[in-house]
Amino acid sequence: MKTLKDASIGSTVKVVKLHGEGAVKRRIMDMGITKNVDVYIRKVAPLGDPMEVTVRGYELSLRKADAEMIEIM
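Asks: How should the overall build of the protein chain be read in this particular structure?
Replies: Across its full length, the protein chain carries 2 helices and 5 strands. The helix and strand sequence of the protein chain, counted from the amino end, reads β-α-β-β-β-α-β. The C-alpha radius of gyration of the protein chain comes to 11 Å, within 12% of the 11 Å expected for a compact globule of 73 residues. Principal-axis analysis of the C-alpha atoms places the extent of the protein chain at approximately 30 × 25 × 20 Å. Every one of the 73 residues in the protein chain was classed for burial, and the buried ones make up 34%. Partitioning the contacts of the protein chain with sequence separation of at least 6, the portion at a separation of at least 24 is 56%. In the form shown here, the protein chain has an accessible surface area of approximately 4,400 Å², with 52% of it arising from carbon and sulfur atoms. Averaging the locations of the 13 positively and 10 negatively charged side chains of the protein chain gives two centres separated by 3 Å.

Structure follows, in structure tokens:
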């Protein structure tokens, strides 16, 4: 299983599935990250946390823990 955390900078990936439960999953979905949406990886901080992505035309910062819950293709 490949997660958003594993994606390389400059690539565009498609979300396959969201893992996690309850409030955490709801917060990720509220940010616009849902199944079949394209996510562009803009940059990653020097220590890998957080990462900056573009989703649905806006920029978003994600923690490494949240990125691990997003399965990609």
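Asks: Is there a simple way to think about the sheet that holds strand 4 (residues 58-62) in this case?
Replies: Consider a sheet: its strands pair through backbone hydrogen bonds, and that pairing is either parallel or antiparallel. If you walk across this open sheet you meet the 5 strands as 4-3-2-1-5, and the pairing is antiparallel. Two strands close off the open sheet at either side, each with one partner strand: strand 4 and strand 5 (70-72). Mean inter-strand twist for the sheet, computed between neighbouring axes without regard to direction, equals 45 degrees. Two strands pair when backbone bridges link them, and strand 2 (residues 38-44) and strand 3 (residues 51-55) are joined in this way by 5 bridges, in the antiparallel orientation. Paired with K43 across the two strands is E52, which belongs to strand 3.

Asks: Just to check I follow, could you spell out the pattern of salt bridges for this structure?
Replies: Opposite charge on two side chains lets them pair, provided their charged atoms get close. Going through the model one piece at a time under the given rule, you end up with 7 salt bridges. The salt bridge involving E52 is made with R42; its shortest N-O contact spans 2.9 Å. With E52 in strand 3 and R42 in strand 2, the pair connects residues that are 10 residues apart, well separated along the chain. Among the residues examined, R42 registers a relative accessible area of 32% and is labelled partly exposed. Residues R63 and D66 are paired through a salt bridge, measuring 3.5 Å at the closest nitrogen-oxygen approach. The structure contains a network of salt bridges with shared partners spanning R27, R63 and D66.

Asks: What's the story with the confidence of the model for the protein chain in this structure? I'm lost.
Replies: Segments scoring low in pLDDT should not have their predicted coordinates read at a detailed level. For the protein chain, mean pLDDT is 93; residues scoring 70 or higher make up 100% of the total. Per-element mean pLDDT across the protein chain ranges from 91 in helix 2 (residues 64-67) up to 96 in strand 3.

Asks: Sorry, what's going on with the pairing of strand 4 here?
Replies: Every regular strand shows the same layout, with side chains that alternate between the two sheet faces. Sheet analysis places strand 3 next to strand 4, joined by 5 bridges and oriented antiparallel. Across the sheet, residue M51 finds its bridge partner in strand 4, namely L62.

Asks: Help me understand the pairing of strand 3, please; the structure alone is not making it clear to me.
Replies: The buried count for strand 3 comes to 4 of 5 residues, which makes it a mostly enclosed element. Hairpin geometry of strand 2 and strand 3 is characterised by an intervening segment of 6 residues between the two adjacent antiparallel strands and by a positive phi of about 90 degrees at G48. Hairpin remark: strand 3 followed by strand 4, antiparallel, with 2 residues in the connecting loop; positive phi at R56, about 55 degrees.

Procedures and definitions
- Residues numbered from 1 in each chain as written.
- Predicted model: local features only at pLDDT ≥ 70, side-chain atom pairs only at ≥ 80, totals over all residues.
- Heavy atoms only, no water.
- Helix = DSSP H or I, 4+ residues; strand = E, 2+ residues; numbered from the N terminus.
- Rg over C-alpha atoms; globule rule 2.2 N^0.38 Å.
- Buried < 20%, exposed > 50% of the residue type's maximum accessible area, 1.4 Å probe, protein only.
- Contact = heavy atoms within 4.5 Å.
- Areas by Shrake-Rupley, 256 points an atom, 1.4 Å probe, with all protein chains shown as cover.
- Lys, Arg positive; Asp, Glu negative; His and termini not counted.
- Charge placed at Lys NZ, Arg CZ, Asp CG, Glu CD.
- Pairing = 2+ DSSP bridges.
- Axes fitted to C-alpha atoms, helices over the stretch in contact; angles between N-to-C directions.
- Salt bridge = Lys/Arg side-chain N within 4 Å of Asp/Glu carboxyl O.
- pLDDT = per-residue confidence, 0-100.

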